Every structure is written in structure tokens, then in C-alpha cells.
Amino acid sequence: MRIARFSIDGNVAFGAVEGSAPDELVLDIIKGIPFADFELSGTKVPLSKVRLLPPVLPNKVVAIGRNYAEHAAELGNEVPEVPVAFFKPSTSVVGSGDPIVYPSFSQELHHEAELAVVIGRMCREVPRERVKDVILGYTCANDVTARDVQEREKQWARAKGFDSACPLGPWIETDLDPSDLTIQCTVNGEQRQLGRTADMIRPIEDLIVHITEAMTLLPGDVVLTGTPAGVGPLNVGDEVAVTIEGIGTLTNKVIKRG
């Protein structure tokens, strides 16, 4: 099931995305929230009539750095002995179609296409064999990074945590095997990144185990799983799109801070 979060006539709701042709997609409005038992209402609205929102509003986004060997190499980094985890604040999250606002304190903004894991239930110290039980589904993410600030400040909070630095969407796919999916990023239609989740150094199960050894994950929290090689610059006016096999496409335009 594809689950979208959207607004229509000033109201926010979740809906199940139905259909295959882009111009024929409809939303069957969900009674309740997707993190508990819910029913489909049978009330359907065309996707074209709503505004898509970030599919979740996470309490926290836990991101993993350098989880693809070729990406680590392209930035001159060694493959880490243990997963490198960092946070992106909830205020960095935007949805598909929302702008990425170029931060005033950076001169080198980069895209990073990633598979995002959406947590479905509160969990801590999750054993590897139970990881699938705590996952609601998967969505596309762009770990937008102020690369010059990351290199200059070493600590990544500002470089990866500024407002609009975490586009998520367009929806959550709940029925998906994430082990070997194509991840692609284009800028203005030109391919920049092309990789497969099979090339992750550490798979999703290992990441969830590692994270939950230290902290509780809540329903709606998001885990970013790393980016393949090919990261590169974004400029004001660029349209960046992250497409993941079996999920869809997350599209955002870069704008100048007003």
C-alpha cells in the first residue's frame, strides 16, 4: 500500500494512493492514522486536487553517513568501522514539491539521494530478526548537505540540519523488499546518481539494531540509509528529483532565501 499525507481545503489527512497512471491517481482517505489499525473510508479524491505533504512528521530523523563505499571514496573518506549516525531535526523536513531553500551561510549545496525507512511502532533494542516488525514502510529522501560547511565545521548539525534540508516523499510504500532497489537522482533532468540498495555496506537490519541499542524510535521516525556515489552541486533554480524503484519520485526546486 502507498500511504500519502496531504492537505485539502485546509484539512490534513492520510490516504491510500490508488491507480498506476500519474494523471489517474486517487486517494482513498484513511480513517485514523497509519501507525495503528485503520480503515479506508471509501471517500476518494484525485491526487491532482490535493497538496502532498511530507508523508510523516518525524520526532527525529536518524541518518547514516558513508554507507556506500564508492560515496565514501568520492569524498576522500575511509569506510567507517561502525555506522556513522547523525540527526536531522524535524524542522528540516519538507515534502515533494516543496522548495529547498539555499542556506545563506553556504556556497556549496549538494544533493544526496537516499532510501528512507519509516518506523511504524515504538521500539528499542530491536533484535535483528524483529526489524521488519517495527517498519511501516519506505520513502524517498534527499539528505541535502551544505558541503563546505560540513568540511569546515566537522560537526554536521548546521550542514545537514538547516530548514528544508530533508525532503521526504512522495508517499510511503508499505509492501516492498528494500534489499536491491535502484536509486537515481537527476538535476534538471540530467542523471547525477545511480546506485542500488544492494551496495549498502550495512543493510537496514544492521542499522536499526545499531540505532535502537542507543535510543528509542517512535512511530513516524525516519532512518536515512546513506547515499550512493555521484553527489554534486545544486544551484538556485535547479529541480532535483530522487527516484527509487517501487516507490516513486520526490521532486524539489532550489530557491534563494527570501
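Presented here is a report on the structure given in the accompanying data block. Numbering of residues starts from 1 in every chain and runs along the sequence as written. Totals for whole chains, interfaces and linings use all residues, but because this is a predicted model, local features are given only for residues with pLDDT of at least 70 and pairs of side-chain atoms are given and counted only at 80 or more. Just so you know, side-chain values use all the structure's heavy atoms and leave hydrogens and water out.

## What to know about unusual backbone geometry
Okay, so step 1: At the junction of Gly 169 and Pro 170, the peptide bond is cis and its omega measures out at 5° in the coordinates.
Okay, so step 2: Positionally, Pro 170 belongs in strand β14 (residues 166-173).
Okay, so step 3: With a phi angle near 55°, Arg 66 is a residue other than glycine that sits in the positive phi range.
Okay, so step 4: Mapped onto the fold, Arg 66 is located in the loop between β6 (61-65) and α1 (69-74).
Okay, so step 5: Remark: exposure states derive from per-residue accessible area (1.4 Å probe, protein chains only) relative to the maximum for the residue type, with buried under 20%, exposed over 50%, and partly exposed in between. On the basis of relative accessibility, which here comes to 25%, the residue Arg 66 falls in the partly exposed class.
Okay, so step 6: Residue Lys 154 is not a glycine yet carries a positive backbone phi of 70°.
Okay, so step 7: By definition, any uninterrupted DSSP run of H or I lasting at least four residues is a helix, any uninterrupted run of E lasting at least two residues is a strand, and each is numbered from the N terminus. Position of Lys 154 among the secondary structure elements: in the loop between α2 (147-153) and α3 (157-161).
Okay, so step 8: By relative accessible area, which is 62% here, Lys 154 ends up exposed.

## Side note on the sheet that holds strand β20 (residues 248-256)
Okay, so step 1: Two strands qualify as a pair provided that DSSP identifies no fewer than 2 bridges between them. The strand order across the open sheet formed by five strands is β9-β20-β19-β15-β16, and the pairing between neighbours is mixed. Of all the strands in the sheet, the pair left with one neighbour each is β9 (100-102) and β16 (190-196). Looking at each pair of strands side by side, their axes are set apart by 20° on average, direction ignored.
Okay, so step 2: Note that strand β15 (residues 182-187) and β16 share six bridges and pair antiparallel. Bridging from a neighbouring strand, Thr 182 pairs with Arg 196 of β16. The axes are straight lines fitted to the C-alpha atoms, using for helices just the contacting stretch, and the angles between their N-to-C directions are given from 0 to 180°.

## Re helix α4 (residues 204-212)
Okay, so step 1: When α4 is considered as a whole, its buried residues turn out to be Ile 204, Leu 207, Ile 208, Ile 211 and Thr 212. All buried residues of α4 project into a common sector of 115° when viewed along the axis, lining one side.
Okay, so step 2: For α4, the elements touching its buried residues are β6, β11 (113-119), β12 (135-142) and β17 (222-224). Directions from the helix axis toward the C-beta atoms define the arc. The contact criterion used is simple: two residues touch if any of their non-hydrogen atoms lie within 4.5 Å.

It is worth stressing that arrangement in space is one thing and function is another; only the former is reported here.
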